[in-house]
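# What the coordinates show
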Amino acid sequence: MRIEESIKLDFKDVLIRPKRSTMASRKDVDITREYEFKWSGRKYNGVPIIAANMDGVGTFDMAKSFIDNDIKASVALHKHYPLEELVKFFDENDPASVWYSIGMVKNDQDKMLEFIKQRPNKIDKICLDVANGYSEHFVEFVKTVREQVPDITIMAGNVVTGEMVEELILAGVDVVKVGIGPGSVCTTRKMTGVGYPQLSAIIECADAAHGLGGLICADGGCTIPGDISKAFGAGADFVMLGGMLAGHDQSEQEVVEKDGEKFVRFYGMSSDTAMTKHKGGVAEYRASEGKTVDVPYKGDVSATMQDILGGIRSTCTYVGARSLKELSKRTTFIRVSQQINEIFGKS
Ligand code: 5GP
């Protein structure tokens, strides 16, 4: 047994210190990023926010809304759409804003290869999600997929430590997904005791990835726009959102009324709800169960996205960053856990 003594931080433990700025308005801030992916060699240009590959979030309707409203963010489609529907969707919509998701099960892999056979060159980005990004089996799987699709961008995870980020990048991953346990409907920390405070995970993993020319996607734990800014400030190249984008018209879920208030069901992809819905197919998505919650109905997602993007722009003006690219260089975090917890009444 060993105890690691160094302090690890979560979003709630810090604030971003304002800095002198010459910028007149948040409208002047460019929140798009340009990347060239290490292995696929492809270029990315857009707002580096990704709707999570979850039921109620990673939906066709979400992607269509982002495209129609020119929100340059992207959507990782959940992996439960049938092949025919995926083919139709990709035929009718711009794939630039979409990540095609697979798990480590053979069915997913077969479906993807069949898709590529039917529609070569349609998928340019995939999201590879597993229970445990630390398993040797996963690293081997990543290598196999990299060989199968050498010119497709691969995002894969999840892990939370630098050495595993390096291993995945060397195995062929372009973007490593970072986060174990922070998700809003995730119970991994409760069920297994395993996890890592998300802000520190981002800082450490970004450093490891950037050293090898790779990128990271901070996945989970953002509950307010300020958390997303903190994730970018900590060095995240992409930020993935589940709960913040759940409960909208684009969720492809029923809106239910309780005592005059409207709600939409939202659940973890390894929750009982998801497993019942998708049968055996999701059991290996995450090491432990997820939970099911009813989130307040929030209407059209474009209004939420406006809010989120406005928040990030505003962060940039507070620290004098003309673009999102400059944000991490201009970020100084102040540790405030005690005060913040008192303000929000958390223990
Ligand atoms: P959120 O933005 O809601 O805080 O976190 C979204 C992330 O939670 C997803 O992208 C995914 O990595 C993670 N997640 C989704 N469903 C489950 C689940 O059932 N169990 C666990 N442990 N994590 C989940």
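Going by the structure above, here's the rest.
First things first, this report covers the structure right here in the doc.

Cut-offs and rules
Residues numbered from 1 in each chain as written. Predicted model: local features only at pLDDT ≥ 70, side-chain atom pairs only at ≥ 80, totals over all residues. Heavy atoms only, no water. Helix = DSSP H or I, 4+ residues; strand = E, 2+ residues; numbered from the N terminus. Buried < 20%, exposed > 50% of the residue type's maximum accessible area, 1.4 Å probe, protein only. Pairing = 2+ DSSP bridges. Axes fitted to C-alpha atoms, helices over the stretch in contact; angles between N-to-C directions. Contact = heavy atoms within 4.5 Å. Right-handed = clockwise from strand over helix to strand, strands pointing away. Parallel < 35°, antiparallel > 145°, perpendicular 65-115°, else oblique. Left-handed = near helix turned anticlockwise from the far one by under 90°. Nonpolar A, V, L, I, M, F, W, Y, C, P; charged D, E, K, R; others polar. 1 Å grid on protein atoms, 1.4 Å probe; cavity = no way out; pocket = protein on both sides within 12 Å on 5 of 7 lines; lining within 4 Å. Points joined across faces, edges and corners; volume = space filled by probe spheres on them. Phe/Tyr/Trp six-rings, centres within 6.5 Å; stacked < 30°, edge-to-face > 60°. Lys NZ or Arg CZ within 6 Å of the ring centre and 35° of its normal.

### A short note on unusual backbone geometry
Note that the residue after Gly157, namely Asn158, is joined by a cis bond; omega there is 15°. Its location among the elements puts Asn158 in strand E8 (residues 153-159). Backbone geometry at Asp70 places phi at a positive 55°, although glycine is not the residue there. For Asp70, the location among the structural elements is in the loop between helix H1 (60-68) and strand E5 (74-76). Look at Asp259: it is not a glycine, yet its phi comes out positive at around 50°. You can see Asp259 is positioned in the loop between strand E12 (255-258) and strand E13 (261-267). Owing to a relative accessible area of 82%, Asp259 belongs among the exposed residues under this scheme.

### A few points about the sheet that holds strand E6 (residues 98-102)
One closed barrel accounts for 8 strands, arranged E4-E5-E6-E7-E8-E9-E10-E11; its pairing is parallel. Neighbour to neighbour, the strand axes of the sheet diverge by 25° on average, direction disregarded. Sheet analysis places E5 next to E6, joined by 2 bridges and oriented parallel. Residue pairing in the sheet places Ala76 in a bridge with Trp99 of E6. Helix-sheet contacts for helix H7 (residues 198-211) involve strand E9 (175-178) and strand E10 (215-219), and the interaxial angle to E10 is about 170°.

### Focus on the sheet that holds E12
Strand order in the open sheet formed by 3 strands is E12-E13-E14, with antiparallel pairing between adjacent strands. Strand pairing shows two members of the sheet lacking a second neighbour, E12 and strand E14 (292-296), which therefore form its edges. Between one strand and the next, the sheet's axes are offset by a mean angle of 45°, whatever the strand orientation. Of the strand pairs in this sheet, E13 and E14 are connected by 5 bridges, and their pairing is antiparallel. Counted as the bridge partner of Tyr267 is Thr292 from E14.

### Here's the deal with the pairing of E10
Working note: regular strand, side chains alternate between the two faces of the sheet. Counting buried residues in E10 gives 5 out of 5 residues, a clear majority hidden from the surface. The alternating pattern of E10 places Leu215, Cys217 and Asp219 and Ile216 and Ala218 on opposite faces, both of which are buried. Of the pairings in the sheet, the one linking E10 to strand E11 (residues 238-241) comprises 3 bridges and is parallel in character. Across the sheet, the residue bridging to Ala218 is Val239, located in E11. The handedness of the E10 to E11 crossover, carried by helix H8 (residues 225-233), is right-handed.

### Details of the packing of helix H4 (residues 136-148) against helix H5 (residues 162-171)
Two elements in contact, H4 and H5, have axes separated by 9 Å at closest approach and are oriented at 30°. The angle between the axes of H4 and H5 places the two elements in the roughly parallel class. Crossing hand, H4 versus H5: right-handed. Facing H4, whose interface residues are Phe138, Val139, Val142, Lys143 and Arg146, H5 presents Met164, Glu167, Leu168 and Ala171. Residues belonging to the contact of H4 with H5 are distributed by class as follows: 6 nonpolar, no polar and 3 charged.

### A word on the layout of surface pockets
Space inside the second largest pocket adds up to approximately 290 Å³. Lining the second largest pocket are 19 residues, and of these Asn45, Lys72, Asp94, Ala96 and Ser97 sit closest to its centre. Elements with a minimum of two residues in the lining of the second largest pocket: strand E3 (43-46) and H1.

### Side note on the pairing of E13
Pairing geometry for E12 and E13, over 4 bridges, is antiparallel. Residue pairing in the sheet places Lys258 in a bridge with Glu261 of E13. What sits between E12 and E13 in their antiparallel hairpin is a turn of 2 residues, with Asp259 showing a positive phi close to 50°.

### Comments concerning the packing of aromatic side chains
Here the structure, examined in full by the defined rule, presents 12 aromatic pairs. Aromatic side chains Phe37 and Tyr44 sit 6.3 Å apart centroid to centroid with 65° between the ring planes, which places their arrangement in the edge-to-face category. Across this residue pair, the class does not change: Phe37 and Tyr44 are buried. Seen from their ring centres, Phe90 and Tyr100 are 6.5 Å apart, and the 45° between their planes marks the pair as tilted. With a gap of 10 residues between them, Phe90 in helix H2 (residues 83-92) and Tyr100 in strand E6 connect regions that are remote in the sequence. Comparing Phe90 with Tyr100, the two get one shared label, buried. One aromatic cluster is present, built from ring pairs that chain together Phe60, Tyr81, Phe89, Phe90, Tyr100 and Phe115. Above the plane of the ring of Trp39 lies Lys38, whose end atom (NZ or CZ) is 5.2 Å from the centre. Its end group placed over the ring of Trp99, Lys125 keeps NZ or CZ at 5.7 Å from the ring centre.

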